[in-house]
Amino acid sequence: MNTFRTPILAVANQKGGVGKTTTAINLAQALALQDLKVLLVDLDPQGNASQGVGVRLETIEGSIAELIRSRDYPIESAVYQGQGIDLIPATPHLSRVEREMVGITNSELRLAHRLDAVRDRYSVIILDTPPTFGPLMNSALNAADRLIVPVDSGFFALMGIKELLAEVDEIRQGTNPRLDVLGYLLTLADPTNIAGQTWETLLSNFKEKVFETRIRRSVKLKEAPALGKTIYHHAPDSVGARDYLGLAQEVMMRLGIGEVVQGEASSRPALSVVQGARHE
Ligand SMILES: Nc1ncnc2c1ncn2[C@@H]1O[C@H](COP(=O)(O)OP(=O)(O)O)[C@@H](O)[C@H]1O
Ligand SMILES: [Mg+2]
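Residues numbered from 1 in each chain as written. Chains lettered and ligands numbered in written order. Predicted model: local features only at pLDDT ≥ 70, side-chain atom pairs only at ≥ 80, totals over all residues. Heavy atoms only, no water.

## Description of the overall build of the protein
Short version of the rule: Helix numbering and strand numbering both begin at the N terminus, where a helix is a DSSP run of H or I of at least 4 residues and a strand a DSSP run of E of at least 2. Values of the radius of gyration come from C-alpha atoms, whereas the globule rule sets the reference at 2.2 Å times the count of residues to the power 0.38. Should any heavy atoms of two residues lie within 4.5 Å, those residues are counted as being in contact. For accessible areas, the Shrake-Rupley method is used with a probe of radius 1.4 Å. Any residue's cover is judged against the shown protein chains and nothing else. Two residue types count as positive, namely Lys and Arg, and two as negative, namely Asp and Glu; His and chain ends fall outside the count. The location of each charge is read from NZ of Lys, CZ of Arg, CG of Asp or CD of Glu.
Each helix and strand counted, the protein has 11 helices and seven strands in total. Relative to the compact-globule value of 19 Å for 280 residues, the protein shows a C-alpha radius of gyration of 17 Å, a close match. The principal-axis extent of the C-alpha atoms belonging to the protein is close to 50 × 45 × 40 Å. Contacts in the protein between residues far apart in sequence, at least 24 positions, make up 79% of those at least 6 positions apart. When the accessible surface of the protein is summed, it comes to about 12600 Å², and 51% of that surface belongs to carbon and sulfur atoms. Once the 29 positive and 33 negative side-chain charges of the protein are each reduced to a mean point, those two points are 1 Å apart.

## A look at the site of ligand 1
Rules: For this purpose, a residue is taken to be near a molecule or strand whenever a single non-hydrogen atom of the residue falls within 4 Å of it. Contacts described as polar in this section are N or O atom pairs within 3.5 Å, which, within protein, must combine one atom able to donate a hydrogen with one able to accept it, while residues neighboring in sequence count only if both atoms come from side chains. Residues are grouped as follows: Ala, Val, Leu, Ile, Met, Phe, Trp, Tyr, Cys and Pro are nonpolar; Asp, Glu, Lys and Arg are charged; every other residue, Gly included, is polar.
Close contacts around ligand 1 come from 14 residues, with Gly17, Lys20, Thr21, Thr22 and Ser218 the closest. Here an oxygen atom of ligand 1 and a backbone polar atom of Gly17 are 2.8 Å apart. At 3.0 Å from an oxygen atom of ligand 1 is found a main-chain nitrogen or oxygen belonging to Val18. Contact with the protein chains removes 81% of the 550 Å² of surface that ligand 1 exposes when unbound. Contributing elements (two or more residues each) for the shell around ligand 1: helix 1 (20–33) and helix 9 (219–223). Considering every element that reaches the shell around ligand 1, the biggest residue donor is helix 1, with three residues. For the shell around ligand 1, a count of residues per class yields four nonpolar, six polar and four charged.

## As for the environment of Leu36
Among the secondary structure elements, Leu36 is positioned in the loop between helix 1 and strand 2 (38–42). Sequence separation between Leu36 and Val124 is 88 residues; the distance between their C-alpha atoms is 7.4 Å. Aside from chain neighbours lying at most four places away, what touches Leu36 is Leu31, Gly84, Ser123, Met252, Ile257 and Gly258.

The following block contains the structure:
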């Protein structure tokens, strides 16, 4: 009997601007370059992850909002197919759906049920989450098996992690006992003392849970989403492409999925961006 369950990873930290979306997009693409079939789910009403892989928000019809709102909405109508990555996008409409979820019993379990239905079509599912605690973040914590927690390299970086872990604990004791942190990821790393101190503090607090790979601050990583491209389409030879490939390999090792494909990112064929090719 095959007992393998496709892992669902949420990239989460309620602090904004720590590199959640950058990580979700580029980790998804790096895993796809390792021959894994990846579903990226955008749970932020700002739709940054959707735009970042090349989908224009105004062209979106089916999205995560419809899937959460209506049990009968066909999931196929919300999945945009790319090569290697599929996307369930988000639009600003999602914030209205989030407000409707408040007070509806078990509405925060709907996402988990929806994803269960498509789970075995993918090798891994990655959720990009919004920068606030609320029904959407709760939905992500209920659907996920593991969390990746990006921590930026600034002075206030570790503030808020305690609250996140308290939330995780609450969900684990209630509706999702298997939820756990896969790893803490230093993002926006630069040569400053503050970045060095954040790294040391992370290591002393979370030890082997800290990913060895640090994501360096780089101009190419910042430019890519505005072009609707992952780093592997925008600058496959850049440090950002290498860093996220390193992260992908660590993630695969920790999850025990796939086989690491050797060689630099640049020597692998580029995948095409999702670009609104909706699956009918
Ligand atoms: N490694 C990096 N180097 C340079 N800029 C980055 C890097 N990671 C993220 N950014 C930029 O920082 C900002 C916040 O990143 P983002 O991934 O959107 O964070 P979040 O989703 O946590 O709010 C964005 O402008 C993004 O392009
Ligand atoms: Mg974001």
